[in-house]
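# Fold and contact review
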Amino acid sequence: MIPIRKGLFRNKRRIHAFMDLSSACDIHCFHCWREAGPVEPMKVSRDQLGVLERDVFPFIENLSLSCVGEPLIVSLFPQALQAAKRAGVPYIRIQSNATHLDEEASGMLLDNGLTQLGVSMDAAHRESFNRIRAGADWDVVTENIKQFVRMRNERGRVDPEVSINFTLMQENCQEAVELFNVAKDLGVSSLSFHHMVVESEDTRHQNLCYDPALANKIYAQLRDESQKTGIAAYIPADLPDKIEPFSGSRIKDPVYHGVCRAAEGSWVFITPNGNCYPCLNLQGRGPLGNIYETPFSDIWYQDRNQSFRGKAIDNHCVNGCDNCKAVLDDNVKSELAFLAPRLTVEPLSSDGPVLPGESAASDGIPVGGVYAQS
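So, here is what we can say about the structure in this document.

What counts, and where the lines are drawn
Residues numbered from 1 in each chain as written. Predicted model: local features only at pLDDT ≥ 70, side-chain atom pairs only at ≥ 80, totals over all residues. Heavy atoms only, no water. Helix = DSSP H or I, 4+ residues; strand = E, 2+ residues; numbered from the N terminus. Contact = heavy atoms within 4.5 Å. Areas by Shrake-Rupley, 256 points an atom, 1.4 Å probe, with all protein chains shown as cover. Expected span 1.5 Å × (residues − 1). Buried < 20%, exposed > 50% of the residue type's maximum accessible area, 1.4 Å probe, protein only. Pairing = 2+ DSSP bridges. Phe/Tyr/Trp six-rings, centres within 6.5 Å; stacked < 30°, edge-to-face > 60°. Arc of directions from axis to C-beta. Axes fitted to C-alpha atoms, helices over the stretch in contact; angles between N-to-C directions. Parallel < 35°, antiparallel > 145°, perpendicular 65-115°, else oblique. Nonpolar A, V, L, I, M, F, W, Y, C, P; charged D, E, K, R; others polar.

## Concerning the overall build of the protein
- When you go through the protein residue by residue, the secondary structure sums to 11 helices and 14 strands.
- Taking as baseline every contact in the protein between residues at least 6 positions apart, the subset at least 24 positions apart corresponds to 72%.
- Element-wise, carbon and sulfur atoms account for 48% of the exposed surface of the protein, whose accessible area totals about 15,700 Å².

This is how it looks when you write it as structure tokens:
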């Protein structure tokens, strides 16, 4: 249930909101979902930010104020961060490419209550970084991180925590272990290694699921290095010896059996135009509603949202998902776990939106998970 500000649940927050203020990013990473198709330009306005502060942020416990867009190129971002703090959001994180993390931006983040700064790097060497993350520069990014950590430490602070994200691929896996040395040099406190979601056939060969022996060898090295250096790291579970291959036949009515993190964690994903979805990967099933048109509490309490969450928690069966692309963890026995829905799901024919928990046999819009990989 959504917490309310009056009555029994006063001051309680339970919802984890994922959102971006803009759909824009100023670099190009070949493994990113953006490279697989056009991105609709969207941007939160100042008036809409007022709606977020008044009607949404008071209910949020954990706010990801950027997911796949680059927050530091959004002119309204400082005001959004301030609005979230005024509304009392206790935990706020962003994901950035750190290209624009200069002294001014660092001061702004430190002065306005950011809890965690995540930086996507995907490499441990200058040459591979500049190749994988086209438009970003290794020297600029690493110096920016060092400066941010130094400014934080000079203030006698331990927060915001700084973490580095690394998407594991054939292209970079051999240097993954060296990221611990990079982290130590930069003053970063934690690392996060993740599987790559295959967004296009051109990048399919990059996924480590096709070489479980290599993947598990890398994972073992990462675990050893984390223990040796004392740097905390999220490392995927070992892959099975053989991954069940995807047949190539598009799925008409996808159903995912497994733990639903969106339901268990009370997730909501909000696009910059205000549309709400249960999860990042369920945009193709139609929105729950729009926060600029309908009160957020009404969207949360409506039958469609509550039905989805209830069914997902009760039996771990989520209509609309061929597998969970938002969180790839140990549910990786099938190749489907690594392939974006755009590669596996047959577009639905009718123009009536359908959400998880509803019938998808005769109506709906094309399923195409985006915002799945940053």
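## Focus on helix α7 (residues 212-229)
- In this model α7 runs 25 Å from its N-terminal to its C-terminal C-alpha over 18 residues, within 8% of the 26 Å that 1.5 Å per residue would give.
- For α7, the full list of buried residues reads P212, L214, A215, N216, I218, Y219, L222, E225 and S226.
- Considering only its buried residues, α7 is in contact with β7 (161-168), α6 (179-186), β8 (190-195) and β9 (232-234).

## Quick look at the sheet that holds strand β13 (residues 289-290)
- In spatial order, the strands read β9-β8-β7-β5-β4-β3-β1-β11-β12-β13; together these 10 strands make up an open sheet with mixed pairing. Since the sheet does not close on itself, it has two edges, and those belong to β9 and β13, each with one partner.
- Two strands pair when backbone bridges link them, and strand β12 (residues 275-277) and β13 are joined in this way by two bridges, in the antiparallel orientation. Bridge assignment links C276 to a residue of β13, and that residue is G289.

## Some words on the pairing of strand β5 (residues 116-120)
- Most of β5 sits out of view: five of its five residues are buried.
- With burial as the criterion, each face of β5 is covered, one bearing Q116, G118 and S120 and the other bearing L117 and V119.
- For strand β4 (residues 91-96) and β5, the ladder comprises four bridges, and the chain directions are parallel. Across the sheet, the residue bridging to I94 is L117, located in β5.

## Quick word on the packing of aromatic side chains
- This model, assessed by the stated rule, comprises six aromatic pairs.
- On the numbers, 6.3 Å between centres and 50° between planes, the contact of F296 with W300 is tilted. Here F296 and its partner W300 are both found in helix α9 (residues 296-301), four residues apart, which amounts to about one turn of the helix.
- Given a relative accessible area of 1%, F296 falls into the buried group.
- The class for W300 is buried, based on a relative accessible area of 4%.
- Here the aromatic residues F59, F296 and W300 are joined through ring pairs into a cluster of three or more.

## With respect to helix α10 (residues 303-315)
- With 13 residues, α10 extends 18 Å from end C-alpha to end C-alpha; this agrees with the ideal 18 Å at 1.5 Å per step.
- For α10, every residue scored as buried is listed here: N305, F308, R309 and A312. Viewed along the axis of α10, the buried residues span an arc of 90°, placing them on a single side of the element. Turned more than 90 degrees off the buried face of α10, the exposed positions are D303 and D314.
- Where the residues of α10 are buried, they touch α8 (261-264), β11 (267-270), α9 and β14 (317-319).

## Notes on the environment of I73
- Turning to its location among the elements, I73 is positioned in the loop between β3 (60-64) and α2 (77-86).
- Once you skip the residues sitting within four places of it in the chain, I73 turns out to touch A24, C25, D26 and H100.

## Thoughts on the packing of helix α5 (residues 138-154) against α6
- Two elements in contact, α5 and α6, have axes separated by 9 Å at closest approach and are oriented at 50°. For the element pair α5 / α6, the angle class is oblique. Residues W138, T142, I145, K146 and V149 of α5 touch α6, and the partners they reach there are V182, D185 and L186.
- Here the contact of α5 with α6 is composed, by residue class, of five nonpolar, one polar and two charged.

Nothing here speaks to function; it is geometry throughout.
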